[in-house]
Amino acid sequence: MTLATEPSMATPVPTAYAPAPEPLVPELFEQQVRRTPDATAVTEGATRLTYTELNQRANRLAHHLIAEGIGPEDLVAVGMRRSADLVVAFLAVLKAGAAYLPVDLDNPPQRLAFMMRDARPALMVTTAGTRSGGTPTVLLDDPETARHLAARPATDPADADRRAPLHPDHPAYVIYTSGSTGTPKGVVVPHRPFAAYLAYARATYPATGGSVLLHSSVAFDMTVTTLHAPLTSGGSINIATLEDPGTRPAFLKVTPSHMALLATLPAESSPTDELVVGGELLLSEVVETFRKANPGVTVVNEYGPTEATVGCCVHLIRPGDTVPGGAVAIGHPTHATRLHVLGPDLRPVAPGETGELYIAGGQLARGYLRRPALTAERFVADPYGPPGSRMYRTGDRVRQTPDGSLEFLGRFDGQVKIRGYRVELGEIESALLRHPAVGRVAVTVHREGPDTHLVAYVVPVTQGAAPDERALRSYAAETLPDYMVPSAFLALDDLPLNANGKLETKELPAPRFAALTEYHAPANGVQSLLCELFGQFSGTERVGVDDDFFALGGTSLGAAQIANKARRHGVRFSLQDVVDHRTVRRLEAALPTS
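Residues numbered from 1 in each chain as written. Predicted model: local features only at pLDDT ≥ 70, side-chain atom pairs only at ≥ 80, totals over all residues. Heavy atoms only, no water.

By the naming in an unreviewed UniProt entry, the protein chain is Amino acid adenylation domain-containing protein, taken from Streptomyces olivoverticillatus.

A.B. asks: For the overall build of the protein chain, give the residues involved together with the corresponding values.
C.D. replies: The helix and strand inventory of the protein chain stands at 16 helices and 27 strands. In summary, the protein chain has a C-alpha radius of gyration of 24 Å against a globular reference of 25 Å for 594 residues, a match within 12%. Along the longest, intermediate and shortest principal axes, the C-alpha atoms of the protein chain span 65 × 65 × 50 Å. Here the protein chain, with 594 residues, has 57% of them falling under the buried criterion. Considering only intrachain contacts with a sequence separation of at least 6, the fraction spanning at least 24 residues in the protein chain is 65%. When the accessible surface of the protein chain is split by element, carbon and sulfur atoms take 51% of a total near 23,400 Å². Placing the 54 positive and 64 negative side-chain charges of the protein chain at their respective mean positions leaves the two points 2 Å apart. (Helix = DSSP H or I, 4+ residues; strand = E, 2+ residues; numbered from the N terminus. Rg over C-alpha atoms; globule rule 2.2 N^0.38 Å. Buried < 20%, exposed > 50% of the residue type's maximum accessible area, 1.4 Å probe, protein only. Contact = heavy atoms within 4.5 Å. Areas by Shrake-Rupley, 256 points an atom, 1.4 Å probe, with all protein chains shown as cover. Lys, Arg positive; Asp, Glu negative; His and termini not counted. Charge placed at Lys NZ, Arg CZ, Asp CG, Glu CD.)

A.B. asks: Can you explain the packing of aromatic side chains? Please cite residues and give values.
C.D. replies: Applying the stated criterion across every chain yields a total of ten aromatic pairs. On the basis of an interplanar angle of 40° and a centroid distance of 6.4 Å, the ring pair of Tyr303 and Phe408 is categorised as tilted. One end of the pair, Tyr303, is in strand β14 (residues 298-303); the other, Phe408, is in strand β22 (residues 406-411), with 105 residues separating them in the sequence. Here the aromatic cluster, defined as three or more aromatic residues joined through ring pairs, consists of Phe90, Tyr100, Tyr173 and Phe194. When the ring centre of Tyr519 is taken as reference, the NZ or CZ atom of Arg542 above it lies at 3.7 Å. (Phe/Tyr/Trp six-rings, centres within 6.5 Å; stacked < 30°, edge-to-face > 60°. Lys NZ or Arg CZ within 6 Å of the ring centre and 35° of its normal.)

A.B. asks: Account for the nonpolar core, with residues named and values stated.
C.D. replies: Ranked by internal contacts, the top residues of the largest apolar core, which has 80 residues, are Leu54, Leu61 and Leu65. A total of eleven residues in this core trace back to one element, the largest contributor, which is helix α3 (residues 84-96). Counting the residues that make up this core, at least three belong to each of domain 1 (25-191) and domain 2 (332-411). (Core = buried A, V, L, I, M, F, W, Y, C linked by side-chain atoms within 4.5 Å. Domains from an automatic or database assignment.)

A.B. asks: Describe in detail the packing of α3 against helix α7 (residues 222-231), supporting the description with residues and values.
C.D. replies: Where α3 meets α7, the axes come as close as 12 Å, and the angle between the chain directions of the two elements is 70°. One way to sum up the angle between α3 and α7 is to call them roughly perpendicular. Here Val87, Phe90, Leu91 and Leu94 of α3 lie close against α7, whose contacting residues are Leu227, His228 and Leu231. When the residues that make up the contact of α3 with α7 are grouped by side-chain class, the tally is six nonpolar, one polar and no charged. (Axes fitted to C-alpha atoms, helices over the stretch in contact; angles between N-to-C directions. Parallel < 35°, antiparallel > 145°, perpendicular 65-115°, else oblique. Nonpolar A, V, L, I, M, F, W, Y, C, P; charged D, E, K, R; others polar.)

What follows is the structure in structure tokens.
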């Protein structure tokens, strides 16, 4: 079975460049500046930038990057907290003709160091105190940098200014995803599919021309929509938290886990017009809860791996539409996408039958950064497209419904989604196997409502000598981002295997979400309040200041409820703060001092 909307525009790594059929993203933004020069482009607290101000800041930085030798086919790492300066930096890199690499500074130092070694960026745009791994830096908060930028032109860079002309097959950004071999891999997205996706987003999500809330990490591609669709359609980006947006957005993009939280948050957190949900399986029950409180909002289930540029398959639920129970369909392909549902012989399966989803068309990434073998394995020849076209093998099981849309049925491999991030269980297992006391390990998922918990089953090298769970968690956190650190660790004498030598997941014992550290009592009023809330929303009778909320069985919904209740007692932090810090001691240490 094949779904199609228009011919493929994807090409292999190019040897010659074709002209862009439409303006690329930097030019689209500059056109918008000319249309709405005085409109608000970005707000961050008391900071407000008009389109003209944002453009001039980005232009000065772009000219500075060009003067530093940056141009097409170069990669520039951007490592900053969510801020107006972060938006400036992304635009500047694109205007210079280079590709940006978003760096999440909350990742463990070892993981950040790996990414910098693997990506080999020519430059890093960041702020003072950030480790760059020896990469040359532009520090935006440095007075000397400010003097340099003030002397640069505020005009839009053109091809005559750049080191080489900007073409649609040059990379626009690189985003790292989890890898099954134990190391992350960078997905290279050129300007052509980047512009193709944004054209679809602007046409399908008109609310991006209004107020848009940027609340999540920019290190995965869900935020590409939130950042670039507004800036190419006259919208205004508000950089704030989901719990405290300041003003109610017209457009919001979240994961299903976030969506479940909206029912617990103030009404200002929910959008007035459009809610786009992506990154994980979406259940109709979660959708209906939201729609009861927000009947006039269109809900969009957007499916797409990073390799197909953010979203390539979309299902719209308009006000008044009926939603069947269970998993929400992922829908139909975007304008530039063709979808194939194929069997093991690469032949289309009949409607209603299960097959693997292959993505073809104009939104395909170039491939994996410096991984030609892996690129060739996942991006294969498309026998159903024009000569030379490719398709991406997703590993996702899908089937076509009677109305022609697609249903997502799970994975063929060990990949899962955690808080919208793509996670290969093999990468977690590989990290734990590096512990000298670990002989074998299996990582599985435990689902609880909209939340997914990771559980690690560990067989020690020496029977009866397994590392304690606190030590394993600390060891994993040295190299894995927090969303990849298992919530529970269970020591086993051996892993249950079937007759074929494969893991019998049904035979694994159920996780025991409980306090996994020695109890340390709260030492002050704030710690006492937080321990009480951690216990209330994890179902644990006694919580110490070093107990991990998610290891206790806590969920993202519970984390939002903790943040809301604490706010009523005058203690302000966000859901993301709970996710990032996880224990009362670390959370209290991160609270503002004034």
